[in-house]
Protein chains: 6
Amino acid sequence: MDTALDIVTIGETMLRLSPPPGVRITQANEFDVHVGGAESNVAAVASQLGCQTGWISKLPASPLGRRITTALQSYDVELDIIWDHDDDGRVGTYYFEPGGKPRGDTVQYDRAGSSVTTLTTAEISLEMIKSASICYVSGITPALSETLQTTVETVLQIAQSAGTKTAFDLNYRSKLWNTTMAKNAYQSLLPDVDILIGAERDVNTCLDRSADPESIVRDLASTFNLETVILTRGKNGVVALSNDTVFEQPVYDAKTIDAVGTGDAFVGGFLTQKLNDGHNGTTCSSIEHALATGAATAALKRTIKGDIAAITPAEVAAVRDTDTTEGISR
Amino acid sequence: MDTALDIVTIGETMLRLSPPPGVRITQANEFDVHVGGAESNVAAVASQLGCQTGWISKLPASPLGRRITTALQSYDVELDIIWDHDDDGRVGTYYFEPGGKPRGDTVQYDRAGSSVTTLTTAEISLEMIKSASICYVSGITPALSETLQTTVETVLQIAQSAGTKTAFDLNYRSKLWNTTMAKNAYQSLLPDVDILIGAERDVNTCLDRSADPESIVRDLASTFNLETVILTRGKNGVVALSNDTVFEQPVYDAKTIDAVGTGDAFVGGFLTQKLNDGHNGTTCSSIEHALATGAATAALKRTIKGDIAAITPAEVAAVRDTDTTEGISR
Amino acid sequence: MDTALDIVTIGETMLRLSPPPGVRITQANEFDVHVGGAESNVAAVASQLGCQTGWISKLPASPLGRRITTALQSYDVELDIIWDHDDDGRVGTYYFEPGGKPRGDTVQYDRAGSSVTTLTTAEISLEMIKSASICYVSGITPALSETLQTTVETVLQIAQSAGTKTAFDLNYRSKLWNTTMAKNAYQSLLPDVDILIGAERDVNTCLDRSADPESIVRDLASTFNLETVILTRGKNGVVALSNDTVFEQPVYDAKTIDAVGTGDAFVGGFLTQKLNDGHNGTTCSSIEHALATGAATAALKRTIKGDIAAITPAEVAAVRDTDTTEGISR
Amino acid sequence: MDTALDIVTIGETMLRLSPPPGVRITQANEFDVHVGGAESNVAAVASQLGCQTGWISKLPASPLGRRITTALQSYDVELDIIWDHDDDGRVGTYYFEPGGKPRGDTVQYDRAGSSVTTLTTAEISLEMIKSASICYVSGITPALSETLQTTVETVLQIAQSAGTKTAFDLNYRSKLWNTTMAKNAYQSLLPDVDILIGAERDVNTCLDRSADPESIVRDLASTFNLETVILTRGKNGVVALSNDTVFEQPVYDAKTIDAVGTGDAFVGGFLTQKLNDGHNGTTCSSIEHALATGAATAALKRTIKGDIAAITPAEVAAVRDTDTTEGISR
Amino acid sequence: MDTALDIVTIGETMLRLSPPPGVRITQANEFDVHVGGAESNVAAVASQLGCQTGWISKLPASPLGRRITTALQSYDVELDIIWDHDDDGRVGTYYFEPGGKPRGDTVQYDRAGSSVTTLTTAEISLEMIKSASICYVSGITPALSETLQTTVETVLQIAQSAGTKTAFDLNYRSKLWNTTMAKNAYQSLLPDVDILIGAERDVNTCLDRSADPESIVRDLASTFNLETVILTRGKNGVVALSNDTVFEQPVYDAKTIDAVGTGDAFVGGFLTQKLNDGHNGTTCSSIEHALATGAATAALKRTIKGDIAAITPAEVAAVRDTDTTEGISR
Amino acid sequence: MDTALDIVTIGETMLRLSPPPGVRITQANEFDVHVGGAESNVAAVASQLGCQTGWISKLPASPLGRRITTALQSYDVELDIIWDHDDDGRVGTYYFEPGGKPRGDTVQYDRAGSSVTTLTTAEISLEMIKSASICYVSGITPALSETLQTTVETVLQIAQSAGTKTAFDLNYRSKLWNTTMAKNAYQSLLPDVDILIGAERDVNTCLDRSADPESIVRDLASTFNLETVILTRGKNGVVALSNDTVFEQPVYDAKTIDAVGTGDAFVGGFLTQKLNDGHNGTTCSSIEHALATGAATAALKRTIKGDIAAITPAEVAAVRDTDTTEGISR
């Protein structure tokens, strides 16, 4: 790795196993295999949209660990892997059962004690972080272990000190910790964050903000001195504040085949476009462009199986810039 | 089998072979294999919801016969199988072709002369029936052969005499007999029935009732001296009469992947909840609870491939007791 | 081939390779294999609906060429294949990626230089054409090569001279030629056409007609001296003119699994019914029947994977003549 | 059907359902679908090798019946199907479970009462039989019902009277009848047979011949006045007598993926080559060529899934005429 | 559970995930799902061969836990499951990659901290153990945790005191502990064992015996006061000692599709036959019959995918009592 | 690309489509998708064994082009792709039909006019070539077009001038050119080659050498001034000459699942080990080590589906350094 990355990420990537639609895990005779994690999803999406991206993690030196690197390399994500040679090293695993009304999709984690939970700052390439334009982490990573919470805190500080913008997505996971623990962690991390992404529900629950969207983003920005705050509101789209201006971005209509990773696709699209526009010395309006890019990427993700949106810049632009086509192009 | 069962059932279970969605039987290169029959569907559903259930039938002593017992045992249904060692013994088979507007789902039966058609009362364990709380049969069973018609009649009489409640679902099948034959059979069976379930269309066609739902259930209850009458009305939900009170239960919204077995899932859920409440000395309002449980189970069934709803009590309760969740729980 | 065919067709049939729904070509590990081409789709559909049909083409003498004849023979289409023994002979191939809003279905062609592009009139069985009732070609065939453009022109002239009705579907393909080229070709072919089918968009773009549908069909009929003109208008159904009378046919509602070949199914259904009615000396109203048959066949096609509608006359009649059934017939 | 066929066949074709290798029927969640029957296997193989072939049978007018015609048409076999519109009409079905030492392959029939069992001479096209060069039936057909036994007898007589050579393969099936019944049937059929094919074991058991191969074929030829007798001896190859001369043909080595239909492939290859050579006024040595062709076709069959050998004349010639190639041709 | 079981077992059952043959885990896009564990494999095999069998274990109250009970119930194994409601509860998982020379099959465990590792004697149904004829445990169970080592020790003592024969298979797993730990555990368990099964290699490594087979079994029997000792020697078959007599049993030839569970199939077959013969008051020679039954069951297992041999008594008898058939039975 | 590569390669990589074993292309309903080309196979194998490797090529800017880069990136091969934006740009495709005695595996190419055939020296990164340790090309590349023949010639010259060792594998393909054309090309390329790999058959046919192996390698080395010559002799292993010493390397026994890419795996293993040893200043004996490494890699390849051996250094070492293990490691 000799070039400075556009976006560096750090976190856990899991093996995802899922039965076919309509088949319960209790009856399943085969599982589809995918690979996913908030940070690597963002890195893979941004890489396809033209960024140089990296992912830092710890994996067991095993076929399952290599299953994950195989997948991420295929998206041309630069990897800094600490290989765990301990016999107890393991990859986090989750079982995804696609539902459908009145059953929702369900997720069954088997991730406790995965190799990444012991990852320390000392093990990773700080140069990769310091030289990057943006350093992205999700709120899942500090939830995985105290060690990782410390690591994330240190990484964000180092990044910010080095002039790398820091981006953080709350991503509260009730199966990993409770809201009190999350709140404490978020509050010690947010001072080192430049760009905050948070689902309205997580902001309500873990950051105790429950006003109208615009008030929330203004409040968060001023409390934590954030450059950019993005409040994601499900079907109601996104409300964002950047440099004191508030923006709204509706969602693009999509036929959902697989909703996992939609938020990460949004972040990957948003950050890429933000960087692109920044490169061209854009004004405030570039945020609108970046939000639309994120929303378009997220809509495309929903049509694609697996955690990672396999897409092209042209496809994203087509959703963002034009009306959706009916029919088949031929 | 040493314990008294909650629900004992008797009938035919078939092999179901189906091409993938969008593929016609005439072009199919592979068939999915499922196992289904009204009575065993009810038994399997009720077993998962906490009942001790049993299924009585006759099967050829062949891999295909054992394919069926393998499936039902996996749901912990107690089996009383009369093994047919005759070379001509066979399992009923049906080919299910999932359609979609304007093609409906279609069913192609190849069930004539299956082993169960020769099942007599002398062959089966009457103790299992007499000691059970409920004995359930569908109207498909007497339609399969004259022998079975006699068997069902005798079984219902024996059950009722022994204090076992009898439950009967009309389940008229035009591919097995005509309405006149069905009407005659129903009329000789209904005097031995306590709980009647019938689709509005079948009640119209085979029992010559075509008034408003409430009048129909009142009329049927008084004519045949029924404890409970449940009129299932498709998308319009269910109208039930129990102890002179009429109840209505709407359907829960569901994204249908496989509609086969929806009615059986309703019956399984209804009977289980009825028994549970009965155990606690519940009042009339328990019928409402049982109807809601049946409707919730039926809605879940629609999201699951195969004839049998693979579900848990908690999943049924979640549909019944709460608003359906959007999003993924993780 | 000793009997006169009802419908003879001439054109290219391709191998279609498609990843499973939700999987991108860039990630795909398996492709479904189908076989499709406008003309053979029409022939296969009409054959199943009771016509004697034929397809004339040129294919490499290779397993891939035989993959195509295997498929078409299975629909009992009479074949007149010129086998290309040249090492460079190839089958046209296309990769179909099913999408879903906001991604549309996409088609990636790899068809340049396929064996059929060198097909000349001298190579084919003119007797098959002259003795047929209808000769059908789509506008894709002349777009494939100059040789084929000449061949199509000659074939239509020979057919018309021999009393064979000629049917032509514009089927403009922007990936094969541009509107100017298409316009020139269409204008030299249309004088030899009796029955014209055209999508409204293609008529706008390539025949420069953009009035209201009725005016367009009247204008086209008089300009090119056409017996029948059918303007297909997507969700808005079809407007047709036959013997100076204008007809409208709405689309039948359908749950789309695979939209490819919908237009060809319409043509196959329409032409078959037109011929059937003609056999019985029907009057003008038979066109209404034929249009409804075409629309019903097209609706069924949408529920079936692959380019060819695998259907029966009874299924088409059920859609055309009755209300669509809810539920399962059993 | 206007042309005289080279080979006409009459018999039952079944649906074959088989679990994947290593999976038991009792556990199977999907079955591969194939189509097979001794006579149609022969017709399909011979068709691919260049003969005009036909198959006469009776099938239910159902998707399953059409599944069979779809398959046979794909091999360009001319069909004369009597469509059974009786609700009880059915296709014969068999479940094939591939084994492997010490389990053998096993076959589970579900074929009793299939539509073909009621096929009478009055229903079929005698012209098709009389005009053919060879009429082939296997010993399975008369074993299916008394009606079919009569039909086969009549057909063979009519064929022979019309100058059509008759070919008969004993194909004794212990699951259909016993050796006494078979012996009686064979003895009334053999006077009308010109070409007899029989496995050594069947000849031993049902025709009471147990001498050395040469004596057996001589004995059978003289007893039943046969033009050609072929004794198939498994791994020991084939011993044949034609016009008083005895020939031996060893088997070609093959890696077996699916042994079903090996014998039929032999017959298809043998009869085709016999006819071809006959067309050229060949001498006795042509039998050797035909036997080698049959053996090569049989060896290829073993490498192909399903009952029917999907092959080309060139592939058969390559096995027959040259040493088997190691490596990949590219 | 009201009846005394023939064989009760206690141990861990895992989810097994495996890529298709020829595909590496690092590239796999789908995994086949099977369920396996030494003790439940034995119970499932013996159940199919006619024993009443049970399996005691602890599983997470999750879909993955229920995936395991679904599988075992399908074989009619009586279950005594302690459901672990702890969020950290998990099923053991292993990834099986089928190889082929020069790669062997490989196994990647992810089983640390599975729910069963906390199973104590206090949690289980001692009545089930005391009333059984045989109590079987493998040496894998004590290797999983100290808690389980204590549990196994107590269970074997209780069983033996209650007159239940105890059977123990060394099953040394180098990925779970080292030879010193195993040796210590084995030595404290063996005094409570009646029937010992051990691979020659494990006996060498962990019990320090390396003489000729006969000496080894005699030495073990006298040292540990064992009723029966069975030394399994891979391709060299089995040497057993029972009541001072030594027996040899060669392996039956088999085409291996999946070798996992071969040893457990042997044990299941052996114990079942031993019990059956015991029921009939057999003499010493019954051991020979039991060994042959075990070897036949083991050979069949090799032809079947998954850890559990899906078989019938008749299939086992066919291998044991007759020469293997060539060809297809039909 | 900022680091000097160990091995840079240049050539075509194709999409490979293959039906399942036992299914003919003419009947196939699905194709497995793999990606393969001699040069990228070598690069992917060497990358996994620890080299920094690169692949230079030209691909259409399409999903199919990206399908290829996705695959190669997953093996961490550095790519220098010239994206062809021409509408006629295409990927080479080949259909691989796995056979089995007496059918061999067959390959059907559809590669004419693929984008890479227009690749010129001007388009590629010469720096990547000049800075590499080894530049590898196969004889397939110059066979694809005259343009490529010139490009390869120039590249080899530039490489050699820059001190990059050049490696060339004859890889004669009769479906691409004839022996005369190949001979001429080889003779103009060989003066620029340092390491020659050639199959004995290709050396016989295209380089007119037919003596004993040792004489051949000596003759070739002296004629073309080669540092290393490796003659691959199928089952007879390899004979190599390096610095005037001759070595022999037998093949390792392997159960072949997919033989495609075996030779490339050998080259990848050989070159990697050669480089590794070179790094440590090894003596002549390192060639023996490299040959054994190549042979071990080749043996492993045969057990893996697809053109590329997915392997680890440890797996290769295990085959090379130890006896193959029987049984399962667990």
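- As named in an unreviewed UniProt entry, chain A is 2-keto-3-deoxygluconate kinase, taken from Haloquadratum walsbyi.
- Chain A has a UniProt comment under Sequence similarities (unreviewed entry) that states "Belongs to the carbohydrate kinase PfkB family."

**Focus: the overall build of chain A**
Logical step 1: For chain A, the helix and strand inventory stands at 11 helices and 13 strands.
Logical step 2: For chain A, the C-alpha radius of gyration of 19 Å lies close to 20 Å, the compact-globule estimate for 330 residues.
Logical step 3: Projected onto the principal axes, the alpha-carbon positions of chain A cover approximately 50 × 50 × 40 Å.
Logical step 4: Residue burial in chain A is summarised as follows: out of 330 residues, 63% are buried.
Logical step 5: Across chain A, the fraction of contacts at a sequence separation of at least 24, relative to all contacts at a separation of at least 6, is 70%.
Logical step 6: For chain A, the exposed surface amounts to about 11,500 Å²; the carbon and sulfur share of it is 45%.
Logical step 7: Positive and negative charge centroids in chain A, built from 26 and 42 side chains respectively, lie 7 Å apart.

**Quick notes on the confidence of the model for chain A**
Close inspection of predicted coordinates is inappropriate for parts of the model with low pLDDT.
Logical step 1: Mean pLDDT over chain A works out to 94, with 95% of the residues at or above the 70 mark.
Logical step 2: Model confidence for the complex: the whole-complex pTM is 0.95, and ipTM, which rates the interface, is 0.93.

**Regarding the relation of the copies chain E and chain D**
Put simply, the second copy of the chain is the first one after a rotation about an axis and a shift along it.
Logical step 1: The two copies are related by a screw operation: chain E maps onto chain D through 120° of rotation and 0.0 Å of translation along the axis, at an RMSD of 0.0 Å. In the structure described here, the two chain copies are related by an operation that fits a three-fold rotation axis.

**Concerning the interface of chain E and chain D**
Logical step 1: The partner chain D presents 20 residues to the 20 residues of chain E that form the contact.
Logical step 2: Here chain E packs against chain D, burying approximately 1,800 Å² in sum over the two surfaces, 53% of which is carbon and sulfur.
Logical step 3: The interface formed by chain E and chain D includes 2 salt bridges.
Logical step 4: Among the salt bridges present, the one from Lys-101 of chain D reaches Asp-253 of chain E, with a minimum N-O distance of 3.2 Å.
Logical step 5: Scanning the region where chain E abuts chain D turns up 7 residue pairs in polar contact (both at pLDDT 80 or more).
Logical step 6: Elements with a minimum of two residues in the side of chain E that touches chain D: helix H10 (285-301) and helix H11 (313-321) of chain E.
Logical step 7: Residue classes in the side of chain E that touches chain D are distributed as 10 nonpolar, 4 polar and 6 charged.

**Topic: the pattern of salt bridges**
Logical step 1: Applying the stated criterion across every chain yields a total of 105 salt bridges over all chains.
Logical step 2: When the shortest N-O distance is used, the salt bridge between Asp-110 of chain D and Arg-90 of chain B registers 2.7 Å. With Asp-110 of chain D in strand S7 (residues 106-110) and Arg-90 of chain B in the loop between strand S5 (78-84) and strand S6 (93-97), this residue pair bridges two chains. The same class applies to Asp-110 of chain D and to Arg-90 of chain B, which are both buried.
Logical step 3: For the salt bridge of Arg-209 of chain E with Asp-219 of chain E, the shortest nitrogen-to-oxygen distance reads 2.9 Å. Of this pair, Arg-209 of chain E sits in the loop between helix H7 (200-207) and helix H8 (213-224) while Asp-219 of chain E sits in helix H8; the two residues are 10 residues apart in sequence, bridging distant segments of the chain.

**Brief notes about the interface of chain A and chain E**
Logical step 1: On the chain E side, the residues contacting the 23 residues of chain A number 23 residues.
Logical step 2: Roughly 2,100 Å² of surface becomes buried between chain A and chain E when both sides are summed, with 56% attributable to carbon and sulfur atoms.
Logical step 3: When the buried surface of chain A facing chain E is broken down by residue, Thr-26, Phe-31 and Leu-64 of chain A rank first, second and third, together holding 24% of it.
Logical step 4: At the boundary of chain A and chain E, one finds 2 salt bridges.
Logical step 5: Viewed at the interface, chain E and chain A are joined by 9 residue pairs in polar contact (both at pLDDT 80 or more).
Logical step 6: Breaking the side of chain A that touches chain E down by element, the ones donating at least two residues are strand S2 (14-18), strand S3 (30-36), helix H2 (63-74), strand S6 (93-97) and strand S7 (106-110) of chain A.
Logical step 7: Residue contributions to the side of chain A that touches chain E peak at 5 residues, all from H2 of chain A.

**What about the packing of helix H6 (residues 179-189) of chain B against helix H7 (residues 200-207) of chain B?**
All names here are of chain B.
Logical step 1: Direction vectors running N to C along H6 and H7 enclose 95°, while the axes themselves pass 8 Å from each other. With respect to H7, the element H6 is oriented roughly perpendicular. Counting all contacts with H6, which are made through Thr-179, Ala-182, Lys-183 and Tyr-186, the residues of H7 involved are Thr-205, Cys-206 and Leu-207.
Logical step 2: Each residue belonging to the contact of H6 with H7 can be placed in one class, and the counts come to 4 nonpolar, 2 polar and 1 charged.

**Some points on helix H2 (residues 63-74) of chain D**
Three or four residues apart is the spacing at which side chains of an α-helix point the same way, because the helix has 3.6 residues per turn.
Residue and element names in this part refer to chain D.
Logical step 1: For H2, spanning 12 residues, the distance from its first C-alpha to its last is 16 Å, which sits close to the expected 16 Å at 1.5 Å a residue.
Logical step 2: With 11 of 12 residues buried, H2 is to be regarded as a mostly interior element.
Logical step 3: Residues of H2 that are buried: Pro-63, Leu-64, Gly-65, Arg-67, Ile-68, Thr-69, Thr-70, Ala-71, Leu-72, Gln-73 and Ser-74.

**Quick notes on the sheet that holds S2 of chain A**
Logical step 1: Taking strand neighbours across the sheet as the criterion, the 8 strands line up as S7(A)-S6(A)-S2(A)-S3(A)-S3(E)-S2(E)-S6(E)-S7(E) in an open arrangement whose pairing is mixed. Whereas interior strands pair on both sides, the edge strands pair on one side only; in this sheet they are S7 of chain A together with strand S7 (106-110) of chain E. Taking the axes of each pair of neighbouring strands and ignoring which way they run, one obtains an average angle of 30° across the sheet.
Logical step 2: Both S2 of chain A and S6 of chain A contribute to a ladder of 3 bridges, which runs parallel. Paired with Arg-16 of chain A across the strands is Tyr-94 of chain A, a residue of S6 of chain A.

**Some points on the environment of Gly-306 of chain C**
All names here are of chain C.
Logical step 1: Tracing the chain through its elements places Gly-306 in the loop between helix H10 (285-301) and helix H11 (313-321).
Logical step 2: Gly-306 sits in the buried class, given a relative accessible area of 1%.
Logical step 3: Taking the C-alpha atoms as reference points, Gly-306 and Gly-261, separated by 45 residues in sequence, lie 7.9 Å from one another.

**Considering the packing of aromatic side chains**
Logical step 1: For the structure shown, the criterion picks out 30 aromatic pairs over all chains.
Logical step 2: A ring pair is formed by Phe-31 of chain A and Tyr-95 of chain A, whose centres lie 5.6 Å apart and whose planes are at 70°; its orientation type is edge-to-face. Here Phe-31 of chain A, found in strand S3, pairs with Tyr-95 of chain A, found in strand S6; they are 64 residues apart in sequence, far enough to count as distant. This pair shows no difference in class: Phe-31 of chain A is buried, exactly as Tyr-95 of chain A is.
Logical step 3: Plain terms: the ring middles of Tyr-94 of chain A and Tyr-109 of chain A are 6.0 Å apart, the flat faces sit at 50° to each other, and that makes the pair tilted. Taken as a pair, Tyr-94 of chain A in strand S6 and Tyr-109 of chain A in strand S7 lie far apart in primary sequence, 15 residues in all.
Logical step 4: A relative accessible area of 19% places Tyr-109 of chain A in the buried class.
Logical step 5: Of the aromatic side chains, those joined through ring pairs into one cluster are Phe-168, Trp-177 and Tyr-186 of chain A.
Logical step 6: Over the ring of Tyr-109 of chain D we find Arg-111 of chain D; its NZ or CZ atom is 4.7 Å from the centre of that ring.

**Looking at the packing of helix H2 (residues 63-74) of chain C against H2 of chain D**
Logical step 1: For the pair H2 of chain C and H2 of chain D, interaxial distance at closest approach is 7 Å and the crossing angle is 140°. Put simply, H2 of chain C runs oblique to H2 of chain D. In the packing of H2 of chain C onto H2 of chain D, the handedness of the crossing is right-handed. Contacts from Thr-70, Gln-73 and Ser-74 of chain C of H2 of chain C reach H2 of chain D at Thr-70, Gln-73 and Ser-74 of chain D.

**So, the relation of the copies chain A and chain E**
Logical step 1: Of the transformation superimposing chain A on chain E, the axial component is 0.0 Å and the angular component is 180°, with the fit at an RMSD of 0.0 Å. As the rotation angle and translation indicate, the two copies are arranged about a two-fold axis. For chain A, the smallest separation between a C-alpha atom and the rotation axis is recorded for Phe-31 of chain A, amounting to 2.6 Å.
Logical step 2: Taken together, the interface assignments show that 100% of the residues at the interface of chain A recur at the interface of chain E, consistent with an identical surface on both copies.

**Details of the side chain of Ser-138 of chain F**
Residues and elements named next belong to chain F.
Logical step 1: Its place among the elements puts Ser-138 in strand S8 (residues 134-138).
Logical step 2: Polar side-chain contacts of Ser-138 include one of 3.1 Å to the backbone nitrogen of Ile-140.
Logical step 3: When neighbours within four sequence positions are excluded, Ser-138 is seen to be in contact with Ala-38, Glu-39, Phe-168, Asp-169 and Asn-171.

**Side note on a negative patch on the surface**
Logical step 1: Residues Glu-30 of chain A, Glu-30 of chain B, Glu-30 of chain C, Glu-30 of chain D, Glu-30 of chain E together with Glu-30 of chain F make up a contiguous surface patch of negative charge.
Logical step 2: Within the secondary structure layout, Glu-30 of chain B lies in strand S3 (residues 30-36).

**Remarks on the state of the cysteines**
Logical step 1: One pass over the structure, following the stated rule, counts 0 disulfides over all chains.
Logical step 2: Unpaired in terms of disulfides, Cys-51 of chain F finds its nearest cysteine sulfur in Cys-135 of chain F, a separation of 14 Å.

**Looking at the environment of Ile-308 of chain D**
Residue and element names in this part refer to chain D.
Logical step 1: Relative to the helices and strands, Ile-308 resides in the loop between helix H10 (286-301) and helix H11 (313-321).
Logical step 2: On the basis of relative accessibility, which here comes to 6%, the residue Ile-308 falls in the buried class.
Logical step 3: Taking the C-alpha atoms as reference points, Ile-308 and Ala-240, 68 residues apart in sequence, are found 24 Å from one another.
Logical step 4: Those residues in contact with Ile-308 that sit more than four places away from it in its chain are Val-35, Asn-41, Ala-44, Gln-48, Leu-72, Tyr-75 and Lys-301.

What counts and what doesn't
- Residues numbered from 1 in each chain as written.
- Chains lettered and ligands numbered in written order.
- Predicted model: local features only at pLDDT ≥ 70, side-chain atom pairs only at ≥ 80, totals over all residues.
- Heavy atoms only, no water.
- UniProt positions renumbered as here; feature names shortened; annotations may be inferred.
- Helix = DSSP H or I, 4+ residues; strand = E, 2+ residues; numbered from the N terminus.
- Rg over C-alpha atoms; globule rule 2.2 N^0.38 Å.
- Buried < 20%, exposed > 50% of the residue type's maximum accessible area, 1.4 Å probe, protein only.
- Contact = heavy atoms within 4.5 Å.
- Areas by Shrake-Rupley, 256 points an atom, 1.4 Å probe, with all protein chains shown as cover.
- Lys, Arg positive; Asp, Glu negative; His and termini not counted.
- Charge placed at Lys NZ, Arg CZ, Asp CG, Glu CD.
- pLDDT = per-residue confidence, 0-100.
- Least-squares fit on C-alpha atoms with pLDDT ≥ 70 in both.
- Buried area = accessible area lost by both parts, 1.4 Å probe.
- Salt bridge = Lys/Arg side-chain N within 4 Å of Asp/Glu carboxyl O.
- Polar contact = N/O pair within 3.5 Å; in protein donor to acceptor, adjacent residues only side chain to side chain.
- Nonpolar A, V, L, I, M, F, W, Y, C, P; charged D, E, K, R; others polar.
- Axes fitted to C-alpha atoms, helices over the stretch in contact; angles between N-to-C directions.
- Parallel < 35°, antiparallel > 145°, perpendicular 65-115°, else oblique.
- Expected span 1.5 Å × (residues − 1).
- Pairing = 2+ DSSP bridges.
- Phe/Tyr/Trp six-rings, centres within 6.5 Å; stacked < 30°, edge-to-face > 60°.
- Lys NZ or Arg CZ within 6 Å of the ring centre and 35° of its normal.
- Left-handed = near helix turned anticlockwise from the far one by under 90°.
- Patch = residues over 30% accessible without salt bridge, like charges linked within 9 Å, V, L, I, M, F, W, Y side chains within 5 Å.
- Disulfide = S-S within 2.5 Å.

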